[in-house]
Structures are given as C-alpha cells and as structure tokens.
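Below, each chain spelled out in residue letters.
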Amino acid sequence: MGKQVVIVGGGVAGMQAALSLKARGAEPVIVERGDRLGGKVAGWHKLFPTFTPVEDVLGPMLQRVQEAGIEIHTGAEVEALVDGGVAVKGGGRFSGDATVICSGFDVFDARRKEEYGYGIYDNVITTVDLERMFNEGHVATVQGTAPHRVAFLHCVGSRDEKVGAHHCSKVCCITGVKQAIEMKKLFPAAEIYNFYMDIRMFGPGYEELYRRAQLEYNINFVRGRISEASQAMGGKVQIKAEDTLIGRPLKMTVDMLVLIVGMKGGASNASYAAGGLVVADNGFMQPLDPFCGNVLSGKEGIFYAGAVTAPKNIGDSLNEGSAVADRVAEYLKL
Amino acid sequence: MPQFGFSISQPRAVNLDTNDFVPAEKLLRELPELQSCIACGSCTATCTAGNLTSFNFRKVHTLVRRGEYREAYEQMDKCMLCGKCRLVCPRGINTRAVVMKIKRELGDYQR
Amino acid sequence: MNYYDHFVIPFVVGTAFMFAVIVWKWGRWLWKLPVADKKAIVRGVFSLDTLRAIREVVYESLLHRKIFRVNPVLGYMHMSLAFGWFLLIAVGWIEASVVLGTGTPLHAHVFFRYFDTAQHTGWNPFAFIMDLLLLMVLSGVALAWFKRMRSRALGMKRTTKHVFIDRVALTALWLIFPLRLVSESFAAAIKHNGGFLTGGLGSLIAATMDSAVIETLNSLAWWLYSFALASFFVAMPFSRYMHIFTEVPLIFLRRYRLHSTAREKSFDNFQIQACSRCGICIDPCQLQNVLNINNVQSVYFLRDRRYGKLDEKVADNCLMCGLCESRCPVGIELNTLRLNSRQKSIDTPALTRYDYLQGIDRSSGNGKVGYFAGCMTLLTPTVLRSMERIFEAAGEGVWWADRDGGSCCGRPLKLSGEVNAAERIMARNKELFAKHGITTLVTSCPICLKVFREDYNLEGIEVIHHTEYILRLVHAGRLSVEATGQEFTYHDPCELGRGSGIYEEPRELIRMAGRLVEPEHNRREALCCGSSLANLVIDDSQQSKIGSAVTSELEATGAATIVTACPLCKKALARDASVRVADISQVVAENLRVAS
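Report on the accompanying structure. Being a predicted model, the structure only gives us computed values, none of them experimental. (Residues numbered from 1 in each chain as written. Chains lettered and ligands numbered in written order. Predicted model: local features only at pLDDT ≥ 70, side-chain atom pairs only at ≥ 80, totals over all residues.)

Some remarks on the pairing of strand β5 (residues 487–490) of chain C
Consecutive side chains along a regular strand alternate between the two faces of the sheet. Residues and elements named next belong to chain C. Sheet topology note: the β5/strand β6 (residues 515–517) ladder contains three bridges and is parallel. Along β6, the bridge assignment pairs F488 with L516. Between the parallel elements β5 and β6, the chain passes through helix α24 (residues 504–513) in a crossover that is right-handed. Pairing geometry for β5 and strand β7 (residues 561–564), over three bridges, is parallel. Across the sheet, F488 pairs through a bridge with T561, a residue of β7. (Pairing = 2+ DSSP bridges. Helix = DSSP H or I, 4+ residues; strand = E, 2+ residues; numbered from the N terminus. Right-handed = clockwise from strand over helix to strand, strands pointing away.)

Some points on the nonpolar core
With 151 residues, the main nonpolar core has A72 of chain B together with I425, L509, L573, V587 and V588 of chain C as its most contacted residues. Take this core: its biggest share by element is seven residues, from helix α21 (residues 419–435) of chain C. Every residue in contact with V587 of chain C, bar those within four places of it in the chain, is listed here: F488, L509, I510, A513, V563 and A582 of chain C. Judged by nonpolar contacts, the second largest core, of 96 residues, contains V156, Y210, I302 and A305 of chain A. (Core = buried A, V, L, I, M, F, W, Y, C linked by C-beta atoms within 7 Å. Buried ≥ 20, exposed ≤ 12 C-beta atoms within 10 Å, placed from the backbone. Contact = placed C-beta atoms within 7 Å.)

Observations regarding the sheet that holds strand β20 (residues 302–304) of chain A
All names here are of chain A. Read across the sheet, five strands follow the order β5-β2-β1-β9-β20 without closing on themselves; strand pairing throughout is parallel. Pairing within the sheet leaves two strands with one partner each, and these edge strands are β5 (71–73) and β20. Neighbour to neighbour, the strand axes of the sheet diverge by 20° on average, direction disregarded. Against the sheet, helix α1 (residues 12–23) makes contact with β1 (4–8), β2 (27–31) and β9 (98–101), and its axis sits at roughly 165° relative to β2, the strand it touches most. Packing of helix α7 (residues 314–332) onto the sheet brings it into contact with β1, β9 and β20, and relative to β9 it is tilted by some 165°. (Axes fitted to C-alpha atoms, helices over the stretch in contact; angles between N-to-C directions.)

Examining the interface of chain B and chain C
Residue-level contacts link 19 residues of chain B with 21 residues of chain C. Every element with two or more residues in the side of chain B that touches chain C is listed here: α5 (84–88) and α6 (95–106) of chain B. If one sorts the elements of the side of chain B that touches chain C by residue count, α6 of chain B sits on top with four residues. A breakdown of the residues in the side of chain B that touches chain C according to their chemical character gives eight nonpolar, six polar and five charged. (Nonpolar A, V, L, I, M, F, W, Y, C, P; charged D, E, K, R; others polar.)

Description of the interface of chain A and chain B
Facing 17 residues of chain A, the contacting portion of chain B comprises 17 residues. Those elements that provide at least two residues to the side of chain A that touches chain B are β15 (226–231) and β16 (237–243) of chain A. Here the residues of the side of chain A that touches chain B sort into four nonpolar, four polar and nine charged.

Some words on the sheet that holds strand β17 (residues 248–254) of chain A
Residues and elements named next belong to chain A. Taken together, three strands build an open sheet; the order of strands is β15-β16-β17 and the sheet is antiparallel. Across the chains shown, the open sheet's two edge strands, defined by having one partner strand only, are β15 and β17. Within this sheet the neighbouring strands show an average axis-to-axis angle of 20°, counted without direction. Where β15 lies against β16, five bridges are found, and the strand directions are antiparallel. Note that in β16 the partner of E228 across the bridge is K240.

The structure is reproduced here in structure tokens:
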C-alpha cells in the first residue's frame with residue numbers, strides 16, 4: 001500500500017494531480033464537495049480557443065481516473081484542515097501523508113452589480129447561464145424569441161474596486177470572444193457587441209480567435225464599460241456605455257445582455273486560512289512564491305494546484321496538477 | 001458639437017515636451033488614485049450632464065493630466081456633482097473631488 | 001470710603017477690556033445682521049420668547065442640563081464652574097453690599113474679603129456659603145484638571161486639542177480659584193473673616209507665620225489673584241471662553257427664530273463663538289472613530305473658522321451626517337455652518353451655468369403623482385422596479401420625472417458649496433414640475449427629498465419620501481402587505497432620519513412584513529453609511545471602511561435582511577454585506593398581498 005494523498009476537489013487540476021500521483025505509486029483520495037467529478041468545467045459546453053466539446057476533454061480524463069482505481073468521495077465538503085488530513089462537513093475525516101488543495105474558484109455573483117440588473121430584469125444573463133443554455137441546446141430570450149442583438153460585457157466582478165476585486169480573471173476575455181462567436185454561429189443574422197476595457201489574449205490561439213471574431217464573424221467590439229442597464233419594452237434591455245474611442249456616451253437596446261462574470265477566491269479559502277494557510281489580498285490562496293514554489297503552500301505536507309491560487313485556464317490547471325505530483329513525490333520520497 | 005481641446009489656431013498634437021505639468025502634478029499629488037483610471041468610460045456613460053451636453057469627464061481629466069488645461073474649467077462647470085460617476089467607477093476614484101479640484105486649481109489658468 | 005489698593009488695577013483694566021471687546025463684537029455682529037433678522041429680533045423681544053430664552057439661559061448656560069444628559073460627570077464639571085462662579089459673584093455682591101453698603105466700586109465686591117471692614121465674631125453665614133461655593137468651583141477645576149490628564153475616566157475617549165490663547169485662558173482660569181482660596185485665607189488670617197475653608201486655613205496661617213510675613217504674603221496673594229483674573233479676562237474674548245457670554249445672546253436670537261443659512265451671515269458668529277470646544281462632537285464622529293482622522297471635527301472646524309485659518313481640507317472633510325449636531329450641548333447648527341463656509345470658499349457666480357437644462361424634458365407618463373427617482377436610484381434598479389409594482393398595485397397614475405435620465409436635484413452641488421449654481425438647477429426642475437401639474441412629488445432618494453422640501457418652495461405640491469407614500473397607500477387601504485416570518489433590521493439614512501425626521505414610517509412598514517430587530521445605533525443615533533455626498537475628501541477605501549463597520553453592526557442583529565431607504569446607503573451597505581440589503585420599497589413590493 002502506497003502513501004495516501006488527500007486531494008481536495010475533483011476538478012481538472014484535482015483529477016490530473018490524482019492521476020500523476022497514482023502513476024508514481026501513491027494512493028490519492030479525491031474528496032469532492034459536488035456529486036460528480038469535473039468541477040466547473042463540467043458545466044461548460046465548448047472550450048476556447050478551439051471549440052472543443054467539454055466531453056472530449058473530461059470524458060477521457062474521467063475514464064482514466066476510473067481505470068486507475070482512484071478512491072473518490074463525492075458529496076464531501078471539506079470543513080477544516082486537520083493534522084494529517086481534512087475534516088468534512090457532517091463529521092468524517094480523510095487522512096493522508098500529504099494534502100493537495102485543488103478546490104478552485106467561485107464564480108462572481110452578478111447580483112452584486114445591481115446596476116446591471118441581473119436577477120431583476122429579463123434577459124440579463126451570465127456567461128455561466130449561457131453555457132447552460134448551449135448545453136440544453138436552447139438559446140432564447142425569456143420571451144422565447146431568438147435574439148437579434150446581443151451585448152456581452154467584459155470584466156463583471158473583475159478589476160472592480162467596488163466589489164473588492166482588483167485582479168483580472170484572465171480567462172473571461174477569451175470566453176467572451178468564444179461565446180460571441182458561438183452566438184453568431186447560432187444566430188447568423190444577429191448583431192453581437194462586446195463591451196470591453198482591455199482585451200487580454202494571453203494564450204496560444206487566443207489573439208487569433210479574437211481576429212477571427214472581428215473578420216469572420218463581424219463581432220463589434222466597443223471599447224467602453226457598460227455603466228448601467230435598464231428594462232426596455234418587450235423584455236429588451238437598454239444599456240449605457242461610453243464609446244471611449246469616440247468619446248461620446250452610447251445607448252443601445254439589446255435582446256440579451258450577457259455578463260462575463262469573473263473568478264473570485266473560493267468560499268472555502270477561509271477554512272484553509274483558519275488552518276494556518278495564507279489567503280492573498282485578492283481572495284485566492286497565496287502560494288509560497290509564483291515561480292518554483294507555485295504549488296507549495298508554505299506549510300509542510302500541504303500543496304496547491306489549479307485555480308485555488310489564481311484565475312487559470314484548463315491547460316494551466318492541468319499543468320499544475322502534474323507539477324504538484326512532482327513536488328508531493330519529492331516530499332513523500334516516492 | 002464643440003471640438004474640445006482643438007481649434008484651427010492651435011497645434012494639433014498634445015506636446016508633452018512643452019506642456020506645463022505643474023498643475024497636473026499638483027492634482028495627482030492630492031488625488032493619486034486618478035492615475036489608476038483605465039479609461040473604461042463608465043463615468044461618462046452614466047453622467048447626468050454628459051447625457052445632456054458634450055461634457056466628457058473622462059476626456060477632460062485625461063487632457064488635464066496631459067497638461068492640456070484649455071477649457072477644462074468651463075467643461076467641469078457643466079458637472080452637477082451628482083456623484084453617479086463615483087458609484088460606478090471600477091477604480092474607486094473620488095471623481096467629485098477631481099471635478100472640484102480641477103475647478104479650484106484651473107479656474108484662472110490660461111483663461 | 002474708597003476701597004482702593006494698587007493690586008486692583010490689573011483686575012479693573014482686564015475687566016474693562018473684556019467688556020469693551022465683547023460689546024464691540026456683539027454690537028458689530030448685530031449691526032451687520034440682515035434686515036429680516038433685525039425685524040425678527042424686534043418682534044421677538046416683546047414676546048413670550050424672551051421669557052423662554054431666559055429660562056433656557058438658566059438651564060443651559062448656568063446648569064448645563066444638556067451636558068448633564070450626555071454625561072453627568074462632565075455636566076457637573078461645567079455646572080460647578082459656571083453656576084458656581086455665578087453664585088460666587090452674586091452672593092459675594094450681596095455680602096459686600098450688606099457690609100460695605102451700596103455704591104461701592106466693582107473691585108470692592110470682587111476683592112471683598114480684602115476690603116472687609118466688619119468686626120467678625122462668631123459664625124458668619126455669608127462666609128460659610130461663599131466657602132461652600134468656592135469648594136464647589138474648586139471641585140470643578142479639579143475635575144477639569146483630571147479630564148485634561150485622563151479624559152477617558154470622564155467618559156470621553158478624546159478631548160479637544162487647544163490653541164495657544166486657549167491654553168493661556170485655561171491656565172489663568174485654573175489659577176483663579178486656587179489663588180482666591182489662598183488670598184482669602186490670608187485675609188482671614190488677618191481679619192478672621194473666613195468660613196470653614198478660608199477661615200480654617202487662615203487660622204493655620206496665623207498660627208504658623210509671623211504677622212509681618214503674613215502681611216507681605218497677603219499682599220502678594222491678592223496681586224496674583226488680581227493678575228490671574230486680569231489674564232483670564234484679557235484672553236477670554238479671544239479664546240474659547242468667549243462662549244460663556246456668547247451663548248446667552250445666541251439663546252435669545254435662536255428663540256427669535258434666527259438661523260444660519262447656506263450663505264454666511266453675521267449671525268454665524270454668535271454660533272461659532274458660542275462653541276465652548278467641549279469636544280463632545282469628537283467621539284461620535286465616524287471619521288474619527290473609524291478612520292482616525294482627528295483634525296476635522298466640528299470643534300476644530302469652528303475653531304479654525306473663527307480664527308480665519310479654515311483650510312478647505314477641513315471644511316470639505318465632513319459627512320454632514322448630523323450626528324455631532326444632535327449631540328452638541330449648545331445646539332449649534334453645525335451642518336449649516338459647514339455648508340456656508342464651503343459656499344464662501346468655492347461658490348462663484350453662475351450666470352449661465354446649466355442653461356443646457358432649459359427645455360429638457362425626458363419625463364414620461366401622466367398623473368397627479370410625480371415620481372422623481374433621483375440619480376442614485378437609477379443605479380439601484382430594484383428600487384425602481386419595486387416602485388413600479390407598488391404604483392401599479394395601488395392603481396396610481398404616475399408622472400415619471402427622470403426614469404429615462406434627467407436632471408440632478410441640485411443638493412449635491414449645494415452640499416459642495418456651489419449654492420448659486422444649485423439654485424439654477426432647482427429653478428429648471430421647478431419649471432418642469434409646474435409644467436406637468438403634479439400635486440404630490442414622491443422621491444426615493446432622501447438627498448433629493450431634503451432639497452425639494454427645504455429649498456424648492458413647491459407651492460401646491462406636497463413632497464414626500466417613498467416610505468411615507470407607501471405607508472399612506474397602506475393606511476388608505478390601497479395596498480396591503482403580507483406578514484412573513486422574516487427578520488429585518490433597519491438602517492436609518494442620515495438625510496431621512498436626522499435630516500428629515502422620518503423614523504417611524506419605514507419601521508411601521510417593516511413590522512407589517514415581519515419582525516424588526518434594531519441595530520445598536522438607530523434613529524437619532526444612527527451611523528452614516530460613509531458614502532455621503534457631503535464629504536469631498538475621503539477616498540474610496542475610507543468610504544468602504546466606514547460602510548463595512550456599519551454593515552457589521554447591522555449584521556450583528558442576526559436579521560436575514562438589512563433594510564434601508566436610500567439608494568446610496570443601499571449601495572454602500574451592500575458592498576460588504578453577507579446578508580441581503582434591500583430597500584423598504586423592495587420589502588413591500590415582494591410582500592404585496594394579492595387582492596382576493
């Protein structure tokens with residue numbers, strides 16, 4: 001029997017960490033608060049920048065996890081870090097020789113930006129809602145009509161002092177571009193507008209996708225942040241922004257306003273802090289350093305992987321899943 | 001619409017070699033957060049006065065920061081100080097203080 | 001008889017100087033009053049208001065009843081000094097008149113024990129009373145001393161930091177009574193005219209010292225006493241102690257309905273110089289107790305303004321929440337004074353400002369009831385939606401003044417000191433209201449409410465806040481609220497509560513919908529959310545710090561929903577709240593009982 005490693009969270013980072021550790025002879029145990037593995041990715045439809053269906057990524061991974069015989073506990077929400085493991089809600093403990101925290105992030109609650117009317121007006125939705133619609137195969141306004149005009153608003157809950165978020169959520173720019181294209185594909189006659197402050201295309205193929213969105217899909221990019229929305233006739237939404245490149249206020253009525261919600265530190269981070277770990281100012285967990293110590297917590301036997309330490313895309317989270325296995329193996333002398 | 005910051009007799013370029021930055025620096029010393037403006041335009045979008053006139057808060061304070069003070073006072077005088085811009089500013093800039101400060105400092109500047 | 005000795009010169013000169021300065025100051029301020037104020041005084045003098053003023057002077061200037069209410073120890077301290085000294089003067093006058101006869105000069109009364117001509121045998125009731133009074137004053141001085149050293153012990157976390165002239169006057173004041181004790185004791189050693197205190201000490205002196213030494217020291221003590229009095233009297237009109245006399249005319253003028261206004265006038269001087277710098281305004285100030293800003297509170301603002309050293313950073317750094325004003329024992333109109341000093345420093349003629357508003361009308365709908373959302377409400381769509389539902393449920397025809405954007409009410413400009421410009425906006429809005437023929441104007445924003453009520457003079461239009469309006473609908477049976485088991489807590493917005501006196505209406509509505517749990521500070525004592533438009537200085541992080549302190553207090557009630565009635569407060573509280581923050585209109589709209 002190999003050394004046990006508790007893996008908190010069964011998203012892509014957690015699964016990859018478990019697979020890599022298993023391959024090195026350890027016995028990973030995934031403790032997942034949801035009722036299935038896959039994390040936030042499982043709620044998505046297609047992935048940027050290649051429009052790869054989620055099941056093409058998650059499916060094989062889940063299969064490998066199953067084949068490797070990794071121990072999985074779903075419906076187990078970690079409540080506290082304890083000596084040599086974790087305690088879960090409703091009693092029960094998981095112990096191991098090391099703990100890897102891969103509990104990811106929380107999605108920003110768009111209701112906190114009241115001026116955008118999420119939860120108040122019809123047809124103001126978030127990127128998460130839109131992915132769900134894509135998955136359900138039915139994208140329509142609340143009134144049941146096909147949208148003719150759609151506006152995407154970047155940076156909702158990111159780079160916003162008013163909600164206590166100074167950080168950039170990194171993946172929303174490309175998500176907004178991806179979803180804009182998907183909407184255009186679904187509704188070729190529709191006008192799609194993306195309202196942005198900066199477009200940050202950090203990954204391979206991202207900038208290229210942005211270019212295609214402009215050239216091939218005629219997505220309109222307006223440089224200006226929407227200040228507020230109001231309900232117009234027939235369930236439409238009126239939005240106000242400044243077109244900063246023109247220098248004049250802009251008003252438009254859309255059938256659907258999609259708020260591109262950012263990432264924030266997970267609510268469970270507070271319980272890690274109580275267990276002696278450090279939460280950074282941005283609400284994410286603070287790794288030992290951003291370089292060689294990026295998966296180390298600074299506390300012996302506790303490691304991080306994935307979006308628990310900062311907004312990350314799937315590729316980065318997978319890489320950290322592998323990287324953390326390396327460091328755990330080193331620590332456990334596997 | 002008046003072309004703010006531009007007229008036939010004036011050179012077109014904002015000349016950072018010759019512009020006088022003393023008033024701009026004074027403004028930034030007192031309200032350092034103004035430097036964090038990311039020009040998102042939320043202030044101008046929501047602006048009560050900006051939706052009725054050519055007043056563009058973002059543009060005026062940016063010009064001031066570049067050492068372009070012409071008409072800044074007259075422009076800021078259109079502001080009603082209602083404070084909506086402060087509520088929507090993602091950088092938490094004390095926009096009302098910026099308006100007041102620009103008016104106080106530049107009231108008699110090159111007028 | 002002459003009753004003269006050289007040592008009375010400092011006292012006589014000092015007293016004459018003091019009264020000359022005071023008469024000069026008051027005379028000038030009164031002279032410069034606007035005609036309307038002068039007329040109000042003439043009308044008031046021969047009315048019952050004068051009698052009421054006299055009663056108030058006794059209660060406040062002598063007994064310090066209001067300070068007693070805030071803090072009994074502080075109250076005693078002020079009373080013992082003010083009332084004690086007053087009685088010393090009054091009883092001393094009677095005693096001197098009895099012994100020396102009438103028509104004696106002032107100094108003979110004040111230094112009576114030195115000039116005492118009576119032969120004393122046995123118990124002297126006057127001396128007994130005077131000693132008792134002196135003891136009372138001395139106990140006040142001792143408390144004042146102790147307060148300087150350890151203000152916390154007297155229930156004040158912070159005490160005022162004083163300027164030089166105050167320190168001179170304060171030192172002189174503290175010396176006056178101990179020196180009086182010493183002087184009168186020496187006099188008693190010679191003339192045996194003391195009571196239990198001075199007489200006792202006098203006997204001790206007589207028993208231990210040579211009579212020549214006693215004579216010399218006696219003379220010296222009276223000189224020092226006279227000097228102390230003179231120093232105090234000379235410094236007094238320029239120090240905070242000017243409040244002793246100024247509070248009296250202030251009380252009368254206030255009874256004659258004189259008020260400060262958005263523009264400076266000479267009446268302000270009576271208020272400014274009536275401030276005793278007691279510092280009661282410091283502790284409740286949230287800029288002080290949350291942000292640790294220690295130089296902007298009303299006491300410092302009035303002081304700086306009085307000495308002509310008012311910095312705009314001090315004048316502008318105030319939430320104008322009115323918490324200090326509600327505590328001020330002198331009842332100074334602190335918010336108005338703050339406002340008019342801003343007006344003075346920044347207001348410019350506004351000849352053509354806001355002409356662009358001319359003819360602008362973005363209103364919609366028709367009805368006798370007008371709804372003015374206010375700028376901030378446009379950023380809190382829940383309030384707008386709730387009001388829509390309420391109007392609809394009540395079947396009210398509504399004229400929407402600014403739902404699709406419109407003008408500001410003008411109050412933010414006024415609060416910033418630009419009173420002239422604000423009036424131009426107001427005039428435009430008034431035209432708009434008149435044009436649409438409304439009879440009731442409902443607003444969701446307490447900031448707008450206050451300016452509509454106080455500055456607009458909207459004849460034929462009743463201005464009410466939406467809390468009042470909704471409650472009326474309920475009382476009239478046009479709306480009913482479903483009771484739920486929910487628990488609510490309520491945050492009083494400054495402009496609605498202290499500003500407009502609306503405390504009960506929102507509470508009554510909340511109780512219809514569920515249970516109300518009050519936070520620690522409520523009603524007149526309620527805290528400010530920190531986002532006040534009146535403060536032009538504090539930055540975003542400071543605003544949010546004040547807001548989260550208030551939010552935690554509200555959350556500590558355990559209520560599931562924080563209710564408020566101001567869009568700005570709602571935004572400020574929601575920033576950091578872990579529970580739901582809702583406007584009162586939202587609570588009603590969500591729990592409307594469907595007509596069966």
